[in-house]
Amino acid sequence: METGNLVAKVIVDVPAKDTDRTFDYLIPDSMRPWIEPGSRVAVPFGKRTVQAFVISVVPADDPPKYRMRAIQELLDLVPPLSGDLVELGKWMSERYACNQIMALQVMIPTALKGKAERYISIAEQHELTHPQRTIQPNQGDELEWALLTDDGMSDPTERRIVSFIQEKEQVPLQQLSRRFPEEAEVIKSLLRRGVLQESQVIKDKLGKKTMKSVDLAIGIDEASTALEQFSTKAQRQREVLAFLLERSEFLPLSLKEVMTSLSVSAATVKALEDKGYVLLEDVEVFRDPYRGRHFKPTEPLPLTVEQQSVYERIIRQLDTREQGAYLLHGVTGSGKTEIYLQTIQRCIKQNRQAIVLVPEISLTPQMVERFKGRFGDQVAVMHSRLSGGERYDEWRKIREGRVKVAIGARSAVFAPFRELGLIIMDEEHETSYKQEETPKYHARDVAIRRAHQHGAVVILGSATPSLESYYAARSQSNDEFAPLLLEMPTRALGNTLPEVHIMDMREELRAGNRSMFSRALHNGIAERLERKEQTVLLLNRRGHSTFVMCRSCGYVAGCPHCDISLTYHQRSNNLRCHYCGYSEPVPQTCPECGSEHIRYFGTGTQRVEEELAKLFPGIRVVRMDVDTTTEKNAHEKLLKQFRDKKADVLLGTQMVAKGLDFPDVTLVGVITADSALNLPDFRAAEKTFQLLTQVAGRAGRHQLPGEVFVQSYTPEHYSVIHASRHDYASFVREELKHRRNLHYPPYCRLILVTFSHEQLPVLVRLAENYSATLQGRARQRGWFGNMDRLTSDVLDILGPVASPISRIKNRYRFQCMIKWRGNIDAISLAQQVADEMAESAQAQKLLISLDVDPQMLM
Ligand SMILES: Nc1ncnc2c1ncn2[C@@H]1O[C@H](COP(=O)(O)OP(=O)(O)OP(=O)(O)O)[C@@H](O)[C@H]1O
Ligand SMILES: [Zn+2]
Ligand SMILES: [Zn+2]
């Protein structure tokens, strides 16, 4: 080892078919101690220099077989990836049919992708936590020595390195590795312990950010008094002051936010400053978005009997340090979060780390609060609304082991912890866990794979588990990763699930009620206003206007072959099936009942808000939808407003259905329960059931009992009926029957293959060619081509048909749906045929993309 040359096998950052393999580079002697699997380097590639990730380090052939080029540059001291993540990337590339480089790139924050110069300095955090030990430059050697020993740095090498950096304040990363070529391990250890830190150059775009901000210059009481005595002439200034008071917890606010929210000018705010009420200043935008925010510390709750048994089962596995997976099916309000918190506590005690995945972090401020409240600074939050720099900082805390818990959406599954003990996936059924761009991975699979690598435990939690997970858990198939089912059928606080009433909207119409509110829901809202209780209203916006429905009988046009609803195409004014290509003209009257009330369906939240204002003058509504939540922290602010009882109604789309826990919500209304039922998606019933169950679960969670009104045009649909009875098991039984009959997951797996080309005839020919070639190869291998056959190894291919979005950027799109089951390598065959086609000369401009286990079929 010591004598011979070493070679790094690397994956270069050139996302192309023929570069999707490792390339060999000599490791220069000076870099030897630094390079390990997961290191990022710059290498000469053809005439260019490109970035690359080291996959493995091996001894060079002696004598060398050919002249090998050497690595040019080491890009980080602490490798951004690690051996296990590199291996995970390889697994992903096979599992999701993508290039390895794509899989590796998705694991690291964007901030690292550019080629910014980075520096090493003494950690600011280190200084903050040990202020008395702050190391001052130019102090005597003796003092330094004392300080360093105090910190456990009695090692002379560490001392030498730290003083070197101290003197220069910050040292470019390249220089440090050249200066101390032998001391790689020591420097890495200092970085890991948080004594040293890596930072980007100040002048780059990730440096400190400042903004003009507005703060109160006087106390809140004083400001309230001032507000009351404000001159009526300065109405605008008064509004600004009131605005600041209302948001006193969030101060300082950005000046821009104040100006746009109230449409006032900077001069108005300036006038307030002159009067001494407010302060205008340049403040540094916090890179830790939660810094300075107070989270109420919480203690572990004594567990209920139900929670206790689930808890014990999980920690027994955790303590073995061997991989395990659990599907925690607990009704809404059963106290799943407390299970997460206490199992994490156990995990931290073992000196291991935990990842918490949530569907969309900005929608779940309450969740973040609960984790911060229990674990404080040990939590890193990977928030999609953070700036690149902020995200980079959070990621670094994880990489350097300075936090124990990472909470975030999908990509947090890659949090680079070294001793991973636990991965929790809350609301495991949510589709946002699947990435829709390449690499099209599902965080659930990746979580289970990572757990396998680390001997960690995965908890998939939901009140409405996905059929895939539930089926895997119930059948305990020979799949070694199948999760074990744990159930919590009652609420933690002992209260019952709310009563759900289904309102048949066809009857409302018959009775002459043309409003979007049924009479019962209308009365319900009125009652809540009287009793000063709160209401949550959900508008199911999915499937807006894409299907045609009869308002008299609820009839929806469906495909005779595929059992999914037909999609309305405006251009051709017809209805089409996205799976098989069947089409028919748009009906003028309802084929079922003859009514003329047949049309596209959809209502916007804004219209509901207007209607509420008309029906209940003075009603205070918080509206939460894409329009009102674009701003950073908007969700949090809106929810806080609602929680503080500054509003009577919380109205919104899907985002109001999840994870909210408000004591005074006693009424939940669903305005259109069925709109998602009519999407051309075999999961439509499942998604409807999930949404109804989740939103119903927001009512009556504490002392006050809850009531739910679900408005529907298809009240007899099993997803609506079972959701209204909180009966997951019956829903699943019925839904599985349909899936089995129609050959959909979990009874088979799917691969969606999308083709695109500029010329339609060429595209069609190539897509048909693909389908025929794949079918032929599958036959050769002895796989059956028909799902109806009761054999185990089957590959069936549907289509090609035009994609639902049939042209994007002047490229036509066609797709095939592959259905397969059994112990066959369908994914690699599908990929292989695609590669061959993409390579053949005539097809040069053909793009083929595979989506393995697709979630979005539209
Ligand atoms: N052991 C316990 N003792 C007392 N209160 C508890 C206990 N466990 C949970 N709770 C309380 O019960 C309520 C519901 O718990 P939680 O929000 O964790 O449920 P959940 O299963 O995550 O629900 P959902 O799926 O609806 O989000 C919360 O207010 C929580 O504080
Ligand atoms: Zn009809
Ligand atoms: Zn069809």
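Scroll up to find the structure.
Model, not experiment: these values are computed from the prediction.

Participant: Describe in detail helix H21 (residues 634-643), supporting the description with residues and values.
Facilitator: Because each turn of an α-helix spans 3.6 residues, side chains separated by three or four positions end up pointing in the same direction. With eight of its 10 residues buried, H21 lies for the most part within the structure. Residues of H21 that are buried include every one of Ala634, His635, Glu636, Lys637, Leu638, Leu639, Lys640 and Phe642, and no others.

Participant: I'd like to hear about the pattern of salt bridges, residue by residue, with values.
Facilitator: The full count for this structure, using the stated rule, is 37 salt bridges. The closest approach of N and O atoms between glutamate 527 and arginine 528, which form a salt bridge, is 3.6 Å. When its relative accessible area of 38% is taken as the criterion, glutamate 527 is described as partly exposed. Between arginine 777 and glutamate 836 there is a salt bridge; the shortest N-O distance is 2.7 Å. One end of the pair, arginine 777, is in helix H25 (residues 760-780); the other, glutamate 836, is in helix H26 (residues 826-839), with 59 residues separating them in the sequence. Note on arginine 777: relative accessible area 22%, which makes it partly exposed. Among the charged side chains, a network of salt bridges with common partners joins Glu527, Arg528, Arg531, Glu533 and Glu707.

Participant: Give a detailed account of the sheet that holds strand S14 (residues 379-382), specifying residues and quantitative values.
Facilitator: The seven strands lie next to each other as S14-S15-S13-S16-S17-S12-S18, forming an open sheet whose pairing is parallel. Looking at the sheet topology across the chains shown, the edges are occupied by S14 and strand S18 (484-488). The average undirected angle you get between the axes of adjacent strands in this sheet is 15°. The sheet strands contacting helix H12 (residues 305-320) are strand S12 (324-330), strand S16 (420-426), strand S17 (457-462) and S18, and the helix crosses S18 at an angle near 155°.

Participant: Run through the coordination of the zinc ion (ligand 2), naming residues and quoting values.
Facilitator: Angles between donor atoms at a metal ideally measure 109.5 degrees for a four-coordinate tetrahedral arrangement and either 90 or 180 degrees for a six-coordinate octahedral one. Looking at the zinc ion (ligand 2), the protein donor atoms are Cys550 (SG), Cys553 (SG), Cys590 (SG) and Cys593 (SG), and they sit 2.2 to 2.4 Å from it. Classification of the site at the zinc ion (ligand 2) rests on its four donor atoms, whose angles at the metal span 108 to 112°, yielding the label tetrahedral. For the zinc ion (ligand 2), the single-chain donor residues occur in sequence as C-x2-C-x36-C-x2-C. Of the two residues, cysteine 553 is situated in the loop between strand S21 (548-550) and strand S22 (567-569) and cysteine 593 in the loop between strand S24 (583-585) and strand S25 (598-600); the sequence distance between them amounts to 40 residues.

Participant: Quick rundown of a positive patch on the surface? Include the residues and the values.
Facilitator: A surface patch of positive charge is lined by Arg514, Arg599, Arg607 and Lys614. Among the structural elements, arginine 599 can be located in strand S25.

Participant: Describe the sheet that holds strand S1 (residues 6-12), listing the residues and the values that go with them.
Facilitator: Reading across from one edge, S2-S1-S4-S3-S5 is the order of the five strands in this open sheet, with antiparallel pairing throughout. Each edge of the open sheet carries a strand with a single partner, namely strand S2 (23-26) and strand S5 (73-74). Relative to S2, S1 is paired through four bridges, and the arrangement is antiparallel. Paired with valine 7 across the strands is leucine 26, a residue of S2.

Thresholds applied
Residues numbered from 1 in each chain as written. Chains lettered and ligands numbered in written order. Predicted model: local features only at pLDDT ≥ 70, side-chain atom pairs only at ≥ 80, totals over all residues. Heavy atoms only, no water. Buried < 20%, exposed > 50% of the residue type's maximum accessible area, 1.4 Å probe, protein only. Helix = DSSP H or I, 4+ residues; strand = E, 2+ residues; numbered from the N terminus. Salt bridge = Lys/Arg side-chain N within 4 Å of Asp/Glu carboxyl O. Pairing = 2+ DSSP bridges. Axes fitted to C-alpha atoms, helices over the stretch in contact; angles between N-to-C directions. Contact = heavy atoms within 4.5 Å. Donors = N, O, S within 2.8 Å, 3.2 Å for Na, K, Ca; no water. Tetrahedral: all angles 85-135°; square planar, octahedral: opposite > 155°, others 65-115°. Patch = residues over 30% accessible without salt bridge, like charges linked within 9 Å, V, L, I, M, F, W, Y side chains within 5 Å. Areas by Shrake-Rupley, 256 points an atom, 1.4 Å probe, with all protein chains shown as cover. Lys, Arg positive; Asp, Glu negative; His and termini not counted. Charge placed at Lys NZ, Arg CZ, Asp CG, Glu CD.

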